[in-house]
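Structure at a glance
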Amino acid sequence: MSQAWTRKEGKNPSGGLNAKGRASYTKGTLKPPVSAKQAKSSPKAAARRKSFCARMSGMKSKLTSAKTANDPNSRISKSLRKWDC
């Protein structure tokens, strides 16, 4: 069977991966998303959030179809909301 992060059981319904999905990712360790509130308390977390938002916002506009970019329930839109981008 494939890893949990590639299946529905490893994905968070509100965007991104859940703890089980992050744990099943074998190529490295994945950290949970950083919200704007959490970023205020840590400069390191704020830099990580800024970097993620810059990369993913560009992907949403350039690498997805118009339908996916405008769909509020797409995985990329949910992920950007989770990170408060």
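Report follows, based on the coordinates. Treat the numbers as computed from the prediction; the structure is a model and nothing was measured.

About the thresholds
- Residues numbered from 1 in each chain as written.
- Predicted model: local features only at pLDDT ≥ 70, side-chain atom pairs only at ≥ 80, totals over all residues.
- Heavy atoms only, no water.
- Disulfide = S-S within 2.5 Å.
- Helix = DSSP H or I, 4+ residues; strand = E, 2+ residues; numbered from the N terminus.
- Buried < 20%, exposed > 50% of the residue type's maximum accessible area, 1.4 Å probe, protein only.
- Contact = heavy atoms within 4.5 Å.
- Core = buried A, V, L, I, M, F, W, Y, C linked by side-chain atoms within 4.5 Å.
- Salt bridge = Lys/Arg side-chain N within 4 Å of Asp/Glu carboxyl O.

Counted under the stated rule, the structure contains one disulfide. Between the sulfur of Cys53 and that of Cys85 lies a disulfide, 1.9 Å long from S to S. Taking the sign of the torsion about the S-S bond as the criterion, the disulfide between Cys53 and Cys85, at about -75 degrees, is left-handed. Separated by 32 residues along the polypeptide, Cys53 in helix α3 (residues 43-62) and Cys85 in the segment after α5 (75-82) bring together distant segments of the chain.

For α5, every residue scored as buried is listed here: Ile76, Ser77, Lys78, Ser79 and Leu80. Structurally, α5 contributes buried residues whose contacts are with α3 and α4 (66-70).

What follows covers the nonpolar core. Formed by Val34, Ala39, Ala45, Phe52, Cys53, Met56, Ile76, Leu80 and Trp83, the largest nonpolar core amounts to nine residues. Secondary structure elements with two or more residues in this core: α3 and α5. At four residues, the largest contribution of residues to this core is made by α3. Aside from chain neighbours lying at most four places away, what touches Cys53 is Trp83 and Cys85.

Here we come to the pattern of salt bridges. Where charged atoms from two side chains of opposite charge approach closely, those side chains can pair. One pass over the full model with this rule turns up two salt bridges. Residue Glu9 is joined to Arg7 by a salt bridge in which the shortest nitrogen-to-oxygen separation is 2.7 Å. Residue Lys20 pairs with Glu9 through a salt bridge whose shortest N-O separation is 3.0 Å. Linking Lys20 in helix α1 (residues 19-24) with Glu9 in the segment before α1, this pair joins segments that are 11 residues apart in sequence. Linked by salt bridges that have partners in common, Arg7, Glu9 and Lys20 make up one network.

Such coordinate-based values are descriptive only and should not be taken to indicate function.
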